[in-house]
Amino acid sequence: MNGDGDVNQNDNTAAPVEQLPESIANQKRTVRVVKQENNGLGISIKGGKENKMPILVSKIFKGMAADLTHQLYVGDAILSVNQEDLRDATHDEAVRALKRSGKIVDLEVKYLREVTPYFRKTTSLSEVGWDAQNTFLPKSQTALPQRALRSDAKSVPLKLSYLTRNLSMPDPDMRTLELHSSDGRNSCILRCQDPSEANLWFNAIHTNMSFLVEQSVIEVNQMFVNIPEASEIKRIGWLSEKVANATGNTSWKPVFMAITSKDILLYDIVPWTKEEWATPVVSHPLIATRITQASSKNISHIIPGVTDLLTFGTRTGTRNGVEAHMFRVETNRDLARWTRDLIQGAHQSATNIKEITCEVTWQGQECQLVLHYENGFTLRNLKEDSGEYTMHWHFPFEKLHMSADDGQHTLWLDFGSDHGEHVLDMHGCPKPLIFVLHTFLSAKLSSMGLFA
């Protein structure tokens, strides 16, 4: 027995608060508890005459006698124990009565709904995870003074956590916020009084998290500063990706995205170490990726989780064809930033790379097709022993009238009636070259102040 009124002899974890059947609210009940060998009832009590409160069950310990009945609840007022009236008992008198009650204990109880939230508060906080904050740099470089917390408080690190709404918990009333940890192991669901309050909390938390993301970009680039040819990280953060299950039903799955100076990288969780950064789940070159289907909220007809979603799509040309992704963000500002950084990143990648070369077959000859950001198309023979190339033809971009491909290995380039159509066997899917061509042209238009 301690000052909290624990009526048991072992230190056990509190059982989770069970859902109360509506039928027992404000109804007197008699619950028989059979104590286990050398153990107590397995409850904690609060209240008493001196506190102007009834004797209340404040905690039920998992696996012990009271928990095993599945008939007692946090918030039950104990009216009597083995017919000994406790309605006017002090806290100490109730403790003594419960201690001497014997192996078989008949409790007369009545559930008091209005006092339960005070007991559930501590239980809920104890279940919140996030016991440690990760960092990209050694803790000696990032450690900040820790503020002492109250015993009934819990600190939840916001750094690279994921703040979202209507993801894992449908919320047509728009009163719920979801906070998911950076490792995907912990979640905290916060329900506000009304949508207005939820928006205020969301905006306040989101603003702070955006600042922490900017700090994290600096830290991760510092982590790679001594690694030769490491790509600069431009943007990082959480989004949700639309995925389909085996039956064809779609849902949204959290995904951590990084945009580097060359690539788009996708991870299931935040990659805190160099080794984790080196092994993304998905990697796409920016130069072969373009944005599709950016959409904002439908203000005129809002259906939570449907018309209020902010989304953008990407399509990437790969050796296996076109790979498409659909992503969801939380605010219009997020949508603008992600799409801007992806488009500008692709254009910058185009100006940095300048040129790509593909092995092709043209009119039965093994050749090289060179696509150059400034010079356009060049078809030449493979390099000979002399170290020089023989050029078959060259066309600037403006001569191209049309391009087409079969998605397998054939590429058609039409340079107009004067020069005709050229058919190339690409020895694989032509999509990567087609997408690079699109990026080159889009970047050139952008550099002239136009939009592709």
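Residues numbered from 1 in each chain as written. Predicted model: local features only at pLDDT ≥ 70, side-chain atom pairs only at ≥ 80, totals over all residues. Heavy atoms only, no water.

Draft legend 1. Spatial organisation of the sheet that holds strand β12 (residues 250-260). Strand order in the open sheet formed by seven strands is β14-β13-β12-β11-β17-β16-β15, with antiparallel pairing between adjacent strands. Since the sheet does not close on itself, it has two edges, and those belong to β14 (282-285) and β15 (289-295), each with one partner. Shown here is a sheet whose adjacent strand axes are inclined to one another by a mean of 35°, direction ignored. The pairing of β15 with strand β16 (residues 310-318) spans five bridges and is antiparallel. Its bridge partner being in β16, T292 is matched across the sheet by G313. On the sheet, helix α8 (residues 431-447) packs against β15, β16 and β17 (321-329) and is oriented at approximately 125° with respect to β16. (Pairing = 2+ DSSP bridges. Helix = DSSP H or I, 4+ residues; strand = E, 2+ residues; numbered from the N terminus. Axes fitted to C-alpha atoms, helices over the stretch in contact; angles between N-to-C directions. Contact = heavy atoms within 4.5 Å.)

Draft legend 2. Highlighting the side chain of D341. One can find D341 in helix α7 (residues 332-353). In this view, D341 contacts R235 and I259; residues no more than four positions away in its chain are not counted.

Draft legend 3. Layout of the environment of I343. If you trace the backbone, I343 turns up in helix α7. For I343, a relative accessible area of 38% translates into the label partly exposed. I343 sits 96 residues away from T439 along the chain, and the two C-alpha atoms are 9.0 Å apart. (Buried < 20%, exposed > 50% of the residue type's maximum accessible area, 1.4 Å probe, protein only.)

Draft legend 4. Quick look at the pairing of strand β10 (residues 187-191). Across five bridges, strand β9 (residues 176-180) lies against β10 in antiparallel orientation. Within the sheet, the bridge partner assigned to L179 lies in β10 and is C188. Hairpin connection of β9 to β10: six residues between the antiparallel strands, including G184 at a positive phi of 75°.

Draft legend 5. Main features of the packing of α7 against α8. In contact at an axis separation of 9 Å, α7 and α8 are set at 100° when each is read in the N-to-C sense. Put simply, α7 runs roughly perpendicular to α8. Side by side, α7 and α8 meet where A346, H347 and A350 of the first sit next to T439, F440, S442, A443 and S446 of the second. Residues of the contact of α7 with α8, tallied by class, amount to four nonpolar, four polar and no charged. (Parallel < 35°, antiparallel > 145°, perpendicular 65-115°, else oblique. Nonpolar A, V, L, I, M, F, W, Y, C, P; charged D, E, K, R; others polar.)

Draft legend 6. Up close: the environment of T247. Counting through the fold element by element, T247 comes out in the loop between β11 (233-244) and β12. Side-chain polar atoms of T247 contact the side chain of N245, separated by 2.8 Å. Polar side-chain contacts of T247 include one of 3.1 Å to the side chain of N249. (Polar contact = N/O pair within 3.5 Å; in protein donor to acceptor, adjacent residues only side chain to side chain.)

Draft legend 7. Here's a closer look at the sheet that holds strand β8 (residues 162-164). Spatial strand order, β8-β9-β10: three strands in an open sheet with antiparallel pairing. Every other strand in the sheet has two partners, leaving β8 and β10 as the edge strands with one partner each. Pairs of neighbouring strands in the sheet enclose a mean axial angle of 15°, with direction left out of account. As judged from the three bridges shared by β8 and β9, these two strands associate in the antiparallel manner. Paired with T164 across the bridge in β9 is E178.

Draft legend 8. α8, seen in detail. Compared with an ideal rise of 1.5 Å per residue, which puts 17 residues at 24 Å, α8 spans 24 Å between its outermost C-alpha atoms and is within 8% of the ideal. When α8 is considered as a whole, its buried residues turn out to be P432, L433, I434, F435, V436, L437, T439, F440, S442 and A443. Looking one or two residues past α8, G449 carries a phi angle of roughly 85°, positive in sign. (Expected span 1.5 Å × (residues − 1).)

Draft legend 9. View of the nonpolar core. F377, W393 and L424 are the most contacted members of the largest nonpolar core, which has 28 residues in total. Secondary structure elements with two or more residues in this core: β18 (355-362), β19 (365-372), β20 (376-381), β21 (391-395), β23 (410-414) and α8. Take this core: its biggest share by element is seven residues, from α8. With sequence-adjacent residues up to four places away left out, L424 is seen in contact with V360, T361, W362, L369, L379, W393, H409, T410, L411 and L413. By size, the runner-up hydrophobic cluster in this structure holds 23 residues, among which are V57, A65, V74 and V109. (Core = buried A, V, L, I, M, F, W, Y, C linked by side-chain atoms within 4.5 Å.)

Draft legend 10. Structural view of α7. Over its 22 residues, α7 extends 31 Å from the first C-alpha to the last, a length consistent with the 32 Å expected when each residue adds 1.5 Å. Listed in full, the buried residues belonging to α7 are D334, L335, R337, W338, T339, D341, L342, G345, A346, H347, S349 and A350. At the exit of α7 stands K354, carrying a positive phi of roughly 70°.

Draft legend 11. Quick peek at the packing of aromatic side chains. With the rule as written, the count across this model stands at 12 aromatic pairs. Consider the rings of F377 and F397, whose centres lie 5.6 Å apart with planes at 70°: the pair is edge-to-face. Note that F377 is positioned in strand β20 and F397 in the loop between β21 and β22 (402-405), a separation of 20 residues in sequence. Grouping residues by exposure puts F377 and F397 together as buried. Between F395 and F415, the ring centres sit 4.0 Å apart and the planes meet at 15°, which makes this aromatic pair stacked. Taken as a pair, F395 in strand β21 and F415 in the loop between β23 and β24 (421-425) lie far apart in primary sequence, 20 residues in all. (Phe/Tyr/Trp six-rings, centres within 6.5 Å; stacked < 30°, edge-to-face > 60°.)

Draft legend 12. Up close: the confidence of the model for the chain. Averaged over every residue, the pLDDT of the chain is 85; residues scoring 70 or more account for 82%. For residues 299-307, every residue scores under 50 in pLDDT, and the model assigns this stretch 11 contacts once sequence neighbours within four places are set aside. (pLDDT = per-residue confidence, 0-100.)

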